[in-house]
Amino acid sequence: MTTPRKPSPAGGRGALRGTVRAWSRQGIPLKLIGSFFTANKVGGFDCPGCAFPDKVGHPLVDSCEQGQKAIAWEMTRKSVGAEFFDGKTPAQLRALGDFDLEFQGRLTTPVLYDATVGTYRAIDWDEAYAVAARELHALPPQSVAFYASGRSSNEAAFLWQLAARGYGSPHLPDSSNFCHEPSSLALKQSLGTGKGTCTLEDFENAELFIVIGQNPASNHPRMMAALYEAKKRGATILVVNPLRERGFTHFSDPKNVAELARDTGIAVADAIYQVTIGGDFAALKGVMKALLETERAAPGTVFDQAFIAQHTEGFDALIADLDACDWATLVARSGLDEAQMREIAAHYARAKSTMITWCMGLTHHPDAVATIQQVVNLLLLRGNIGRTGAGAMPVRGHSNVQGDRTMGATSQVTDAWLDNIEHTFPGVRLCRDAGRDAAGVIDGLFDGNVRALLSLGGNFGVAAPDAPRVLAALERCRFTLHIATKLNRTHCHPGAIGLLLPTLGRTDRDLRPGGEQCISTEDSSATVRASRGVQAPISELQRSEPAIVAELAQAIGAAPSVPWREFADDYAAIRDRIERCQRGVTEGFERYNDRLLQDGRFMLPNAASNRQWNTANSKARFMAHALHDDTPMQQARLAHGEAALTLMTMRAHDQFNTTVYSSDDRYRGVEGDRRVVFLNAGDLARRGLRDGDRVDIECLVDDGHERRVEGFTARAWGIPPGCCAAYYPEASGLIAASVYSAGSRTPLYKEMPVRISPAA
Ligand SMILES: Nc1nc2c(c(=O)[nH]1)N[C@H]1C(S)=C(S)[C@@H](COP(=O)(O)OP(=O)(O)OC[C@H]3O[C@@H](n4cnc5c(=O)[nH]c(N)nc54)[C@H](O)[C@@H]3O)O[C@H]1N2
Ligand SMILES: Nc1nc2c(c(=O)[nH]1)N[C@H]1C(S)=C(S)[C@@H](COP(=O)(O)OP(=O)(O)OC[C@H]3O[C@@H](n4cnc5c(=O)[nH]c(N)nc54)[C@H](O)[C@@H]3O)O[C@H]1N2
Ligand SMILES: [Mo]
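Residues numbered from 1 in each chain as written. Chains lettered and ligands numbered in written order. Predicted model: local features only at pLDDT ≥ 70, side-chain atom pairs only at ≥ 80, totals over all residues. Heavy atoms only, no water.

Brief notes about the overall build of the chain
Within the chain one finds 32 helices and 30 strands. Here the C-alpha radius of gyration of the chain, 25 Å, is about what a compact globule of 760 residues would show, namely 27 Å. Dimensions along the principal axes, computed over C-alpha positions, put the chain at roughly 75 × 60 × 55 Å. Here the chain has roughly 25700 Å² of accessible surface; of this, 51% comes from carbon and sulfur atoms. (Helix = DSSP H or I, 4+ residues; strand = E, 2+ residues; numbered from the N terminus. Rg over C-alpha atoms; globule rule 2.2 N^0.38 Å. Areas by Shrake-Rupley, 256 points an atom, 1.4 Å probe, with all protein chains shown as cover.)

Put into structure tokens, the structure is as follows:
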């Protein structure tokens, strides 16, 4: 049941209580808890939570409540082994809830499912590799996809893409396809570099922050702490979000003793602009239109004309586009009034340096790329790229999602990358065909052209749009293979042959014949750092990701001239080859091993933040885009009028993506039941509903598939009219996989047309 109760401040005492609860529920012995604080420090491990940059120097603690939960979940002393699996059918496993599946603990033995027998059984590694080799040899490589979630390491990701391409498959979908894909694409087109231009130093120097579509109190608490510090030194923080997220209105730093005693929290945001879902595109145009008016009234006072002349192209087209927009449309589309857009513009025009950060509130939408390019346009107008305290910051999700991409674990790579690999490993021939992204793999699963899915972490069938259909399609596969730390729902939908392989995580000590190994990761500020586990593995049968991928590649005969054996035993040898493959592709990998081992970390240079634009004309590009009229939401409004609401699916405070730690969301007053939908009070009343009523939700994308979820609890909430919000993954069955964002093909997880009606 959901009990509305007065929420406490974000951070604060609640964060400490949440941390201790996570430790105790996972049965973590006290003597290990000290090691938790080696998270994000030199010599320790990279926190397996989010990808927010670490503090350099020697902070006492550089991890947060959410990081501690992720660590406790991985370091748990609970485990599942042969007795649990032997003789179980997939249906028996599926009967467990998502929480219960992961709560079983760490996977400790390879497991095989065989449809001709109908049950799972524990097997040894040799048999696992033999089965994989048999299955992959029997399938055309073009029907096999290799998915990667962003939790792995640079080393494992490099081997993963090498194994896939060496085997003959170009299909490397990844969790980025579900996440910051539009950010990478938008930044690449606008600035020539697909990564964010900011570092922690910019957080310490910006005068103004505009935080768009992001809930850092739950998903990047260390960023919340950075904003709180900025606020204390006098910076202005503006938030653009349909929800007044608690972290912005009441935040208390759990590391500040005086504040812990008061437990009240401060308002970190100076203002919160409650856009309508998907309204950012219009809102950002409105802000630029207001700036343009001021600039015209007093030329040279707002725009950085020298920067625009020297560094950019496309300015005139942008101005023409802004002139063509009328305020009435911008107001109607954004959900903000004109005065609010002018107010943001006034703050922006005053600030000497501005950083704009964003997350999934901008990417899970049909116009994601165009919207993010408005963010960049806004920054360029005042030369807010390439100087301290300014820049564009897509705050990444998984701790190594950025690194996985740098390592080529994606279906879109350059010829230079493939050429370098072939030169580095003479005799290797890579598949160079166009590969499927996650959307393409989902299509292939539905139409039968993808017959095998291998995954390096993640929970593909639950993270994907149309999750129930994707899970069912996975069962129609010939072969599925998952390398994982914990059991999850995707694993319970094996193909005719299904393998589940237990791996070490970040926190586990990794002893190989070549000695104790470290891996490396890359955060949202392009800092590459070493990560070393601290805890002895819970089982001798678990193997590290690089070792599993190398042994698997060897077993299936992928790229036979690659020294897979050496790589499995000595990750420095992998880094040595990565360094060679990155020459001329990604700057900054020189002396990879030396610098990693000496300093623990190094930063990859970002050309755009040095005002070098790797675009066709070596200029940063203003990208003008007209507002669209044909999004799935707009089509549904035409067909269903006010009955259509825009649904966003979001994270609660107690989850990491598909891993749900509890059924509470203390920042939104939710306790004991995540099947909740938040609606505007007027929208509730119009449907004859009251707070607490049971409702059913139906997707209004008209593509021949019916999608509904039932028995959700409606909650009256401060969300703009026409919008509603529910949790991921409970509401994921409502997200249609037939519609994607333009260009980046990202699912519309936050802009789905739905109808809400009293429960049948
Ligand atoms: N503890 C924890 N940490 C995490 C994760 C986790 O699940 N748990 N997940 C990790 C991953 S992979 C990612 S990608 C990030 C996700 O981090 P976030 O992007 O912060 O996560 P979501 O909950 O998906 O949230 C989206 C925010 O976007 C807002 N929003 C939705 N639609 C719109 C819109 O149209 N416009 C605007 N302006 N705002 C909108 C929502 O109100 C919400 O505040 O966090 C990472 N870190
Ligand atoms: N409706 C809806 N759907 C969404 C989103 C949304 O906002 N709404 N967000 C999307 C986003 S932003 C993302 S990034 C995706 C996330 O999609 P995924 O990355 O596929 O999902 P996760 O939940 O992060 O994966 C969790 C699983 O990873 C495995 N795991 C954990 N640690 C490790 C490790 O160290 N190694 C290995 N090999 N396995 C490990 C465990 O088995 C665990 O069950 O979901 C997307 N799906
Ligand atoms: Mo993500």
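Overview of the sheet that holds strand 8 (residues 236–240)
Adjacent strands of a sheet form backbone hydrogen bonds with each other and so pair up, either parallel or antiparallel. The parallel open sheet is built from 5 strands, whose spatial order is 10-8-7-12-13. Looking at which strands have only one partner, the edges of the open sheet turn out to be strand 10 (271–273) and strand 13 (391–394). Sheet twist, expressed as the average angle between the axes of neighbouring strands with direction ignored, equals 20 degrees. Summarising the sheet, strand 7 (residues 208–212) and strand 8 pair through 5 bridges and their orientation is parallel. Bridged to isoleucine 212 within strand 8 is valine 240. (Pairing = 2+ DSSP bridges. Axes fitted to C-alpha atoms, helices over the stretch in contact; angles between N-to-C directions.)

Some remarks on the site of ligand 1
Residues in contact with ligand 1 amount to 32 residues; listed here are only the nearest, Asn241, Glu245, Asp280, Gln655 and Asn657. In this structure, a nitrogen atom belonging to ligand 1 sits 2.7 Å away from a side-chain N or O atom of aspartate 280. For ligand 1, an oxygen atom lies 2.9 Å from a polar atom in the backbone of methionine 360. Protein contact buries 99% of the 920 Å² of open area that ligand 1 shows by itself. For the shell around ligand 1, the elements supplying multiple residues, two or more each, are helix 11 (216–219), helix 20 (360–363), strand 23 (645–650) and strand 24 (655–656). Looking at the shell around ligand 1 residue by residue, the class counts come to 13 nonpolar, 15 polar and 4 charged. Domain assignment of the residues forming the shell around ligand 1 places at least three in each of domain 2 (181–395) and domain 3 (632–758). (Near = heavy atom within 4 Å. Polar contact = N/O pair within 3.5 Å; in protein donor to acceptor, adjacent residues only side chain to side chain. Nonpolar A, V, L, I, M, F, W, Y, C, P; charged D, E, K, R; others polar. Domains from an automatic or database assignment.)

Remarks on the site of ligand 2
Taken together, 30 residues form the shell around ligand 2, and within it Glu102, Tyr147, Glu545, Thr658 and Tyr728 come nearest. Between a nitrogen atom of ligand 2 and a side-chain N or O atom of glutamate 545, the distance comes to 2.5 Å. Out of a free accessible area of 930 Å², ligand 2 has 97% covered by protein chains. Split by residue class, the shell around ligand 2 holds 9 nonpolar, 15 polar and 6 charged. The two domains that each donate at least three residues to the shell around ligand 2 are domain 1 (79–174 + 409–590) and domain 3 (632–758).

Overview of the pattern of salt bridges
Tallying each qualifying case throughout the model produces 53 salt bridges. Its salt-bridge partner being aspartate 46, residue arginine 506 comes within 3.3 Å of it at the nearest N-O pair. Here arginine 506, found in the loop between strand 16 (497–502) and strand 17 (511–512), pairs with aspartate 46, found in the loop between helix 2 (30–36) and helix 3 (65–75); they are 460 residues apart in sequence, far enough to count as distant. For aspartate 46, a relative accessible area of 6% translates into the label buried. Where glutamate 207 meets lysine 352, a salt bridge forms, and the shortest distance between an N and an O atom there is 3.9 Å. With glutamate 207 in the loop between helix 10 (200–205) and strand 7 and lysine 352 in the loop between helix 19 (338–350) and strand 12 (354–358), this residue pair connects regions lying 145 residues apart in the sequence. Overall, the relative accessible area of 63% leaves lysine 352 in the exposed class. Salt bridges sharing common partners tie together Asp415, Asp419, Glu422, Arg429 and Arg432. (Salt bridge = Lys/Arg side-chain N within 4 Å of Asp/Glu carboxyl O. Buried < 20%, exposed > 50% of the residue type's maximum accessible area, 1.4 Å probe, protein only.)

Looking at the packing of aromatic side chains
Applying the stated criterion to the full structure yields 26 aromatic pairs. Plain terms: the ring middles of phenylalanine 52 and phenylalanine 203 are 5.3 Å apart, the flat faces sit at 75 degrees to each other, and that makes the pair edge-to-face. Highlighted residues: phenylalanine 52 in the loop between helix 2 and helix 3 and phenylalanine 203 in helix 10, separated in sequence by 151 residues. Residue classification places phenylalanine 52 among the buried positions, given a relative accessible area of 2%. The class for phenylalanine 203 is buried, based on a relative accessible area of 2%. Among the aromatic residues, those joined into a ring-pair cluster are Trp73, Phe99, Phe103 and Tyr661. (Phe/Tyr/Trp six-rings, centres within 6.5 Å; stacked < 30°, edge-to-face > 60°.)

A few points about the UniProt feature "domain: Molybdopterin oxidoreductase" (unreviewed entry) in the chain
Following the UniProt record, one finds the feature "domain: Molybdopterin oxidoreductase" (unreviewed entry) at residues 106–478. Each end of residues 106–478 is marked by a C-alpha atom, and these two atoms are 26 Å apart; helix forms 49% of the span and strand 12%. (UniProt positions renumbered as here; feature names shortened; annotations may be inferred.)

Description of the nonpolar core
Phe158, Leu454, Phe479 and Trp564 are the most contacted members of the largest nonpolar core, which totals 68 residues. In terms of residues, this core owes the most to one element, helix 8 (residues 154–167), which gives 9 residues. Ranked by size, the runner-up nonpolar core spans 56 residues in total, among them Phe281, Ile344, Ile372 and Leu378. (Core = buried A, V, L, I, M, F, W, Y, C linked by side-chain atoms within 4.5 Å.)

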